[in-house]
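Chain residues, written in single-letter form:
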Amino acid sequence: MKYWQEFLQFDYAHEILMAVGGLFVFVGVLQIVRSSIKMLFWVVIAGIGGIAASYGMQQGSYTIPGMDRLRGANLDAIASNIDTDVLEFLCQKIDTAEQCPGDTSP
């Protein structure tokens, strides 16, 4: 601890620490990139594939079988305890939302 305190008293101590720290960071980043360049390539390819599949599912007319049933599954549990007027209002809201998919207003 004594040596550390003496080092900090040196005029250029902070500049030396910045230079050494920057060098360590630079060497570390180079080593990470060098060892992971193949993995980075495959992560980028997988990301592009995921984005393409997501965009295709949103824009296309194809739907995954069973998705409608999963979306409505929670409504069955909720609807059993709701008044018919409230349920009718919710159904109208859902119908309106399906007719205007680009509209995000409540």
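Since the structure is predicted, the reported quantities are computational estimates derived from the model, not experimental observations.

Q: Summarise the overall build of the protein; cite the residues concerned and give the values.
A: Summing up its helical and strand segments, the protein has 4 helices and 0 strands in all. Going from N to C terminus, the protein has its helices and strands arranged as α-α-α-α. Put simply, the protein has 106 residues, and 2% of those count as buried.

Q: For the packing of aromatic side chains, give the residues involved together with the corresponding values.
A: Taken as a whole and assessed by the stated rule, the structure comprises 2 aromatic pairs. Ring centres of Trp4 and Phe7 lie 5.8 Å apart, and the angle between their planes is 35 degrees; this geometry places the pair in the tilted category. Of this pair, Trp4 and Phe7 both sit in helix α1 (residues 2-9), 3 residues apart, which is roughly one turn of the helix. Given the relative accessible area of 42%, Trp4 is considered partly exposed. With a centroid separation of 6.2 Å and an interplanar angle of 70 degrees, the aromatic rings of Phe10 and Tyr12 are classed as edge-to-face.

Q: Break down a nonpolar patch on the surface for me, citing the residues and quoting the values.
A: Taken together, Val25, Val29, Val33, Ile37, Leu40, Val44 and Ile48 make up a surface patch of nonpolar side chains, about 620 Å² in accessible area. Relative to the helices and strands, Ile48 resides in helix α2 (residues 13-59).

Q: Tell me about the environment of Leu17, and please be specific about residues and values.
A: Structurally, the position occupied by Leu17 is in helix α2. Assessed through its relative accessible area of 36%, Leu17 is described here as partly exposed. Setting aside residues no more than four positions away along its own chain, Leu17 makes contact with Trp4, Phe7 and Leu8.

Calculation rules
- Residues numbered from 1 in each chain as written.
- Predicted model: local features only at pLDDT ≥ 70, side-chain atom pairs only at ≥ 80, totals over all residues.
- Heavy atoms only, no water.
- Helix = DSSP H or I, 4+ residues; strand = E, 2+ residues; numbered from the N terminus.
- Buried < 20%, exposed > 50% of the residue type's maximum accessible area, 1.4 Å probe, protein only.
- Phe/Tyr/Trp six-rings, centres within 6.5 Å; stacked < 30°, edge-to-face > 60°.
- Patch = residues over 30% accessible without salt bridge, like charges linked within 9 Å, V, L, I, M, F, W, Y side chains within 5 Å.
- Areas by Shrake-Rupley, 256 points an atom, 1.4 Å probe, with all protein chains shown as cover.
- Salt bridge = Lys/Arg side-chain N within 4 Å of Asp/Glu carboxyl O.
- Contact = heavy atoms within 4.5 Å.

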